[in-house]
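What follows is the residue order along each chain.
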Amino acid sequence: MRDVTRVHERALFVSPRIPSELELQARWFAGDFGKHFVSTAGDEIEIFQFGTWNREAGPDFRDAAIRINRSEPVRGCIEIDLLDRSWETHGHATNPAFDSTVLHVFVERSEREFFSRTKSNRNVPQVCINPTTLPQVFNANVPLARPGRCQAPLKDLPEERVFSVLDAAAQFRLRQKANRIRNKIDTHGRDETLFQEIASALGYKENKLPFTLLAQRLPLRLLRENVRDCEALLFGGAGFLHTHDLDVYKKSAREYVRQLWDGWWPHRDELQRFILPANTWRLSSTRPLNHPQRRLAALGILARDWSRLQRASGKNSVAAANDLFRALEHPFWNFHYTLTAAPSAKKMALIGESRIADILANVLFPFWLAHDVAAAASPSTPLWAEYAKLPAQLSNRRLETAATRLFGNDSRRKDFLKTVAHQQGLLQIYEDFCMQDNSDCAQCPFPEQMANWM
Ligand code: SF4
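Residues numbered from 1 in each chain as written. Predicted model: local features only at pLDDT ≥ 70, side-chain atom pairs only at ≥ 80, totals over all residues. Heavy atoms only, no water.

A. A look at the site of the ligand. Residues in contact with the ligand, as listed here, are Gly148, Arg149, Cys150, Arg405, Phe433, Cys434, Asp437, Cys441, Cys444, Phe446 and Pro447. Those elements that place two or more of their residues in the shell around the ligand are α18 (420-434) and α19 (446-453). Split by residue class, the shell around the ligand holds seven nonpolar, one polar and three charged. (Near = heavy atom within 4 Å. Helix = DSSP H or I, 4+ residues; strand = E, 2+ residues; numbered from the N terminus. Nonpolar A, V, L, I, M, F, W, Y, C, P; charged D, E, K, R; others polar.)

So this is what it looks like as structure tokens:
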């Protein structure tokens, strides 16, 4: 299916979305733009190390390393802006804190040629990135759903044939995720990668960005060095500890907030630059049970007891992972929706079943596959069998759109989406064909491929 030569054009009715500077930085650091670039002057640029988020004044990332035209790596800082001219308008050219910048990355180029120069008049190589080429965006555009041309051949395919199409697409998707994670492990190490991926999954779709930023800026290493305060660091860094006036909190929350404050204030000055602005969070569309503050507490517990997660993850076992996440307990968050809400009489799970299933499908299985050479080579190993058995928990708008386009009102539609693997397979087909199509199905090769299968 993937070998077909096609013209790749952007889908109709989808306007290019320019991410915020923060999102851009997070995706750069995650390696989503890749490691190899050509500078505006035509030099080959390779990112050797992405460095670390800079906590102080100066460029966004420090201790990075790049190679220019395959020469020896050069260490220094990397600055990321939306516009090339921000270098000038933000005063970087005259700020000595930017003297060690080795790369200036931006999205939009000015009409007139523009050079990034340091205070000492050194020319900084420039790289222009294009966010519209990213394989996935934090918020995907969802076109209107209506049955597509492939509905007819799919309707005539026996059930087991449809299953095998979905299985093949799911295996491809899982391998892609494992490859991405393997690359991330090369850059950030095994534990930091797992931590960042779990944080991102806990952020759900709405708060994926702030969770990713937190995990990058307050890396596992830092939290483990301050293990007693790690929950406080996460809440402070998230910007959830703005006021130390305890009167704004319910009586039941005051002791807990006081503990968070006590843990946060010794670090606050040092980490001031990392505190997320309030508008980074999307709180209005989340269910109270899934409020990011509850998820952040769960992340704090996982960081604090990291060896438990390592042991559970090391077993490559769905049961061990389920046991770990279901057993997460917190004296405050078991009974609270937010820091300021009234307590609930009923105990609530910190991470619900559908989120656990999501972490298994999108983090742990790809992570296990990234380490399992035998499974990566063949889909007949136990890992794949376990993956195929994962039951689907929830649907979402994107899945429903894909199901409507491919299966329409086929009476078997529900049966096709009962497992995580089949849902993931459907999403892969949707992204590879529907999202690439701008001919209203007319030139999409998928229906013919299905017809040939018959
Ligand atoms: S674009 Fe292709 S895969 Fe998508 S609905 Fe149309 S025919 Fe089916």
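B. Looking closely at the pattern of salt bridges. As enumerated under the stated definition, the model contains 22 salt bridges in all. Close ionic contact of glutamate 400 with arginine 413 constitutes a salt bridge, the shortest N to O distance being 2.9 Å. Here glutamate 400, found in helix α16 (residues 397-407), pairs with arginine 413, found in helix α17 (residues 413-416); they are 13 residues apart in sequence, far enough to count as distant. By relative accessible area, glutamate 400 is classed as partly exposed at 34%. (Salt bridge = Lys/Arg side-chain N within 4 Å of Asp/Glu carboxyl O. Buried < 20%, exposed > 50% of the residue type's maximum accessible area, 1.4 Å probe, protein only.)

C. Region of interest: helix α5 (residues 190-202). The end-to-end C-alpha distance of α5 is 18 Å, a good match for the 18 Å that 13 residues give at a rise of 1.5 Å each. Where burial is concerned, most of α5 is hidden: 11 out of the 13 residues are buried. Listed as buried for α5 are Glu192, Thr193, Leu194, Phe195, Gln196, Glu197, Ile198, Ala199, Ser200, Ala201 and Leu202. (Expected span 1.5 Å × (residues − 1).)

D. The arrangement of the packing of aromatic side chains in detail. Applying the stated rule across the entire model yields 20 aromatic pairs. Taken together, a centroid distance of 6.0 Å and an interplanar angle of 80° make the contact between phenylalanine 195 and tryptophan 306 edge-to-face. In this pair, phenylalanine 195 is assigned in helix α5 and tryptophan 306 in helix α11 (residues 306-314), connecting sequence segments 111 residues apart. Neither residue differs from the other here; phenylalanine 195 and tryptophan 306 are each classed as buried. Relative to phenylalanine 332, the ring of tyrosine 256 has its centre 4.4 Å away and its plane inclined at 20°; by these criteria the two rings are stacked. Of the two residues, tyrosine 256 sits in helix α9 (residues 251-271) while phenylalanine 332 sits in the loop between α12 (318-326) and α13 (353-371), which places them 76 residues apart along the sequence. Classification of tyrosine 256 by relative accessible area gives buried; the value is 8%. An aromatic cluster of three or more residues is present, and its members are Phe211, Phe235, Phe240, Tyr256, Trp281, Phe332 and Trp333. The lysine or arginine in question, arginine 117, covers the ring of phenylalanine 115, its NZ or CZ lying 5.7 Å from the ring centre. (Phe/Tyr/Trp six-rings, centres within 6.5 Å; stacked < 30°, edge-to-face > 60°. Lys NZ or Arg CZ within 6 Å of the ring centre and 35° of its normal.)

Structural measurements only, silent on function.
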